[in-house]
Amino acid sequence: MPDRPESPNPATPGSEPGSVSGSAPGPEIGSAPVSGSAPASSPGSGPGSKPAPGPTPGSALGFAYGEGARVSESFGQITVDVDPDGWLGLLESARAEGYEFFDWLTAVDEPPDAFAVVAHLFAPVSRAHLLLRTRVPRADPRLPSAVGVFRGADWHERETFEMFGVVFEGHPNLVPLLLPEGFEGFPLRKDFVLAARVAKAWPGAKEPGESGHGSPSRRKTLPPGVPADWGRERDD
C-alpha cells in the first residue's frame, strides 16, 4: 500500500487550522475582550480589596490645622503658619494627632514690624517632624503660653521672653532664665547694641601697645553692631 504524504502542519483535535499544535487562537491586537470575561481590574479595585491608604495619624497631612492656617514645605519639612489667636488650637490639634514630643520654641526678629515665634514638634510613632509658626506685633509682642499643652515649653518661653521680649500670657513663672538680675534690654533683638567691650573694659591687653610695651596702639575699632557715635559721652 502506498505511503500517505505527511501534512506540513498536523492539527490536533480541537485546534484551528493554521494554529500551533495544542494551542488556542489568541485575540488579535486591538480586538475587544472575549464575551463574558471581566475587564482587567486595577490594584485595589477588585472585590475584597482594601481601599488606598490615606494619611496616617501623626503625619503632617493627617489632621485639620484650623481656619486660616497656611501650610508649606521647606527642605522636606512641613511648616504651618497661623495667626496668634489660633496658636493654642494648633498645638492641641498637633498633639492629639501624635506630635507628642515638644522639641523647642524660640523667636525670630523680623524688623520692623514683628517677631516670629516658632515651635518644633516630633511624632515618635510616625517619626514625622512639624514646624509651627506665628507672628506677633513688635509694638506689643504677646502670645498665649503653650505650657498648658506642653509642659516642656516652660523654660523655652522664659528664654524667649528675656532674649526677645515676647510676653507669654498665662505662663506660671515668666521670669528671666539666663541673664543676671538687673540686665536691661533684649540681647537677641537685632536693634540691641553689642556694647560689652565699650561699656566695660576687659582685663588684660586687648590691642597692640595697651600693655605698656610692644608696637604703638592702632586706632580702636568698635565691636560689630555698635553705632559709631555710641559711648563718646563716656570718653568726653
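If you're wondering where the values come from, they're calculated on a predicted model, not measured in any experiment. (Residues numbered from 1 in each chain as written. Predicted model: local features only at pLDDT ≥ 70, side-chain atom pairs only at ≥ 80, totals over all residues. Heavy atoms only, no water.)

(A) Representation of the packing of aromatic side chains within the structure. Taken as a whole and assessed by the stated rule, the structure comprises three aromatic pairs. Aromatic side chains Phe102 and Phe150 sit 5.5 Å apart centroid to centroid with 35 degrees between the ring planes, which places their arrangement in the tilted category. Of this pair, Phe102 sits in strand E3 (residues 101–110) while Phe150 sits in the loop between strand E6 (142–144) and helix H2 (153–164); the two residues are 48 residues apart in sequence, bridging distant segments of the chain. Exposure class is identical for Phe102 and Phe150. Each is buried. With a centroid separation of 6.4 Å and 75 degrees between ring planes, the pair formed by Phe115 and Phe164 is classed as edge-to-face. Highlighted residues: Phe115 in strand E4 (residues 114–123) and Phe164 in helix H2, separated in sequence by 49 residues. (Phe/Tyr/Trp six-rings, centres within 6.5 Å; stacked < 30°, edge-to-face > 60°. Helix = DSSP H or I, 4+ residues; strand = E, 2+ residues; numbered from the N terminus. Buried < 20%, exposed > 50% of the residue type's maximum accessible area, 1.4 Å probe, protein only.)

(B) Region of interest: the environment of Ala139. Checked against the element boundaries, Ala139 lands in the loop between strand E5 (128–137) and E6. Overall, Ala139 belongs to the exposed group, its relative accessible area being 83%. Placed 27 residues apart in sequence, Ala139 and Pro112 show a C-alpha to C-alpha distance of 9.6 Å.

(C) Looking closely at the side chain of Arg158. Tracing the chain through its elements places Arg158 in helix H2. Although Arg158 is buried, it forms no salt bridge, and the closest oppositely charged side chain is Asp154 at an N-O distance of 4.7 Å. A polar contact is formed between the side chain of Arg158 and the backbone oxygen of Pro176, at a distance of 3.2 Å. The residues touching Arg158, leaving out its near neighbours within four places in the chain, are His171, Asn173, Leu174, Val175, Pro176 and Leu177. (Lys, Arg positive; Asp, Glu negative; His and termini not counted. Salt bridge = Lys/Arg side-chain N within 4 Å of Asp/Glu carboxyl O. Polar contact = N/O pair within 3.5 Å; in protein donor to acceptor, adjacent residues only side chain to side chain. Contact = heavy atoms within 4.5 Å.)

(D) Representation of helix H1 (residues 87–96) in the model. Restricting attention to buried positions, one finds in H1 the residues Trp87, Leu90, Leu91 and Ala94. Down the axis of H1, the buried set is contained in an arc of 100 degrees. They therefore lie on one face. On its buried side, H1 packs onto strand E2 (77–81), E3, E4, E5 and E6. (Arc of directions from axis to C-beta.)

(E) Structural view of the sheet that holds E3. Overall, mixed pairing links the five strands, which are arranged E1-E2-E5-E4-E3 in an open sheet. Whereas interior strands pair on both sides, the edge strands pair on one side only; in this sheet they are strand E1 (70–74) and E3. Neighbour-to-neighbour, the strand axes of the sheet open up by a mean angle of 25 degrees, direction not taken into account. Inspection of the sheet shows E4 paired to E5 by ten bridges, in the antiparallel sense. Bridge assignment links Phe122 to a residue of E5, and that residue is His129. On top of the sheet, H1 reaches E2, E3, E4 and E5; it is set at about 170 degrees to E5, its chief contact. Docked against the sheet, H2 engages E3 and E4, running at close to 10 degrees with respect to E3. (Pairing = 2+ DSSP bridges. Axes fitted to C-alpha atoms, helices over the stretch in contact; angles between N-to-C directions.)

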